[in-house]
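If you want the building blocks of each chain, they are given just below.
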Amino acid sequence: MEKTVAAAGSAGPDGSMFRSGCLVFNQDSTSLAVGTSSGYKLFSLTMVEKLDCIHESVEIPDAYIVERLFSSSLVVVVSAAAPERMHIYHFKKGTEICNYSYPNNILAIKLNRQRLVVCLEESIYIHNIKDLKLLKKLLSTPSNPSGLCALSISPSISYLAYPGSSTTGEIIMYDTKSLTVVSMIPAHDSPLAALTFSASATKLATASERGTVIRVFSVSEGSRLYEFRRGMKRYVSISSLAFSPEGLFLCASSNTETVHIFKLEQLRPSAEEQAASWTSYVGKMFSAASSYLPAQVTDMMSQDRAFATVHLLTSGQSNVCTLAMIQKLPRLLVAMADGQLYIYNVDPVEGGECLLAHKHRIFGADDDQSEDTNPERSEITTPAQLPPSYAETAALPGSGPITATLTGYSEDGGAKYGEVIPEHEFAAGPINSCRDGTGSGQGRSL
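1. Describing the sheet that holds strand β24 (residues 258-263)
Part 1: Judged by pairing direction, the sheet is mixed, and its five strands sit side by side in the order β22-β23-β24-β25-β29 without closing on themselves. At either margin of the open sheet sits one strand with a lone partner, and together these are β22 (238-243) and β29 (352-353).

Listed below in structure tokens is the structure:
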């Protein structure tokens, strides 16, 4: 469910014309990470009217990848200044745990409680999250210049979905636990533009570069469950897809001014109802006939319109959306590349146009003065004292063997030295430092 998008002014990992690098909701949409030219910020998303900045770092400028592991203290950062190097931090301790270097620029990083996945343009690296040990290199994968991939967050299933072709919308489903290919799904005729798993890892939503059709597949069977028409008049660029926590709704944002929310419900009558109606015969005849019709025609006949929508003030701007429960009510969150975060109320029964509940400024605060004179409308609470820098509190030696185990990553600042990590963070067992085969060295090249 993790969602990410390049923010305003970003020109990719080369850092040219770089102002702010990314907007990323974490795996369960309880946190928002913002990469900027000066570093990165982490915001807590537990309230509608108040946005708390829980951490701000200037250690790594031009951060274009910032990934937080759920609500833990583990954060992974990649800078445009060194796009081939991944830094892993315990941000509440102010310490760098380790760093890894890769052969080419890092395009995406995905986390769950079992695995850390690093995506390059033509290869994928899979690490064990507990000790950062490299488990698998997937080399010579189809060209993937955007680093598109999705990692499930279910405790029992750890599937990775990534493009199986650079010319069509084929998806490879890979089990990161058994390190085997599970299936191949021919999702679209055009190359893929967006992927996301439901929280239970039972569904996978996809969109192609055309952006007109969004499809939902069964992860276990690979069959198509739903198909939604985002629009027919024009091709668009899908920015993000996200399921609601329970998997009943799916939101989609694009470079247009409209954000769509689709409801995943079975609208067809039951088998008993069909058998009792003369229309069942017509339905069966239609299903049989559809197999002889062009794909474009059958696609049009199977579409479902949006259950709810949001109309943004501007179009053509990078954004990322998610669905979350905040203060016990369903909300749609849209983070924009101009530094605004919009929170909307969603009516789960009636749908329709979502109402704006609050707007926050997440970066570019100086520009906010002219837009909103009410300080409560753009309140951002920063911590009274930022954690000390890595240079001040580094717990790991710069050279020589590393034999100590590191603390766990929990909201209270991490487990004590040598303790087992809480079950809600990982499986039982301590986090070890990044290490090579000999167990030495803080950084490593792959």
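Once you've had a look at it, read on.
2. Section: the sheet that holds strand β10 (residues 108-111)
Part 1: Ordered in space as β10-β11-β12-β13, the four strands form an open sheet in which the pairing is antiparallel. Of all strands in the sheet, those with a lone pairing partner are β10 and β13 (134-139), marking the two edges. With strand direction ignored, the average angle separating the axes of adjacent strands in the sheet is 15 degrees.
Part 2: Taken together, the five bridges between strand β12 (residues 123-128) and β13 define a ladder with antiparallel strand orientation. The residue bridging S123 from the neighbouring strand is L139, located in β13.

3. Section: the nonpolar core
Part 1: Counting residues in each nonpolar core, the largest one holds 26 residues, and the members touching the most others are M86, I88, Y102, I106, I109, L116 and V118.
Part 2: Of all elements in the fold, only β6 (63-68), β7 (74-79), β8 (85-90), β9 (95-101), β10 and β11 (115-119) reach the threshold of two or more residues within this core.
Part 3: Contact partners of V118, with chain neighbours within four places excluded, come to M86, Y102, I106, A108, I109, S123, I124, Y125 and H127.

4. So, unusual backbone geometry
Part 1: One non-glycine residue, D62, lies in positive phi territory at about 55 degrees.
Part 2: When you line up the elements, D62 lands in the loop between β5 (51-57) and β6.
Part 3: Notably, F70 is not glycine yet its phi reads approximately 45 degrees, a positive angle.
Part 4: On the basis of relative accessibility, which here comes to 4%, the residue F70 falls in the buried class.

5. Overview of the pairing of β8
Part 1: Burial analysis of β8 places five of its six residues in the buried class, which makes it a mostly covered element.
Part 2: Summarising the sheet, β7 and β8 pair through four bridges and their orientation is antiparallel. For L74, the partnering residue across the bridge sits in β8 and is H90.
Part 3: Here β7 hands over to β8 after five residues, the two strands then running antiparallel side by side.
Part 4: The pairing of β8 with β9 spans six bridges and is classified as antiparallel. For Y89, the partnering residue across the bridge sits in β9 and is E96.

6. A short note on the confidence of the model for the protein
Part 1: Confidence along the protein averages 79 in pLDDT terms, with 69% of residues attaining 70 or more.
Part 2: Predicted confidence for residues 7-20 stays below pLDDT 50, and this span has 38 contacts to residues more than four positions away or in other chains.

Rules behind the numbers
- Residues numbered from 1 in each chain as written.
- Predicted model: local features only at pLDDT ≥ 70, side-chain atom pairs only at ≥ 80, totals over all residues.
- Heavy atoms only, no water.
- Pairing = 2+ DSSP bridges.
- Helix = DSSP H or I, 4+ residues; strand = E, 2+ residues; numbered from the N terminus.
- Axes fitted to C-alpha atoms, helices over the stretch in contact; angles between N-to-C directions.
- Core = buried A, V, L, I, M, F, W, Y, C linked by side-chain atoms within 4.5 Å.
- Buried < 20%, exposed > 50% of the residue type's maximum accessible area, 1.4 Å probe, protein only.
- Contact = heavy atoms within 4.5 Å.
- pLDDT = per-residue confidence, 0-100.

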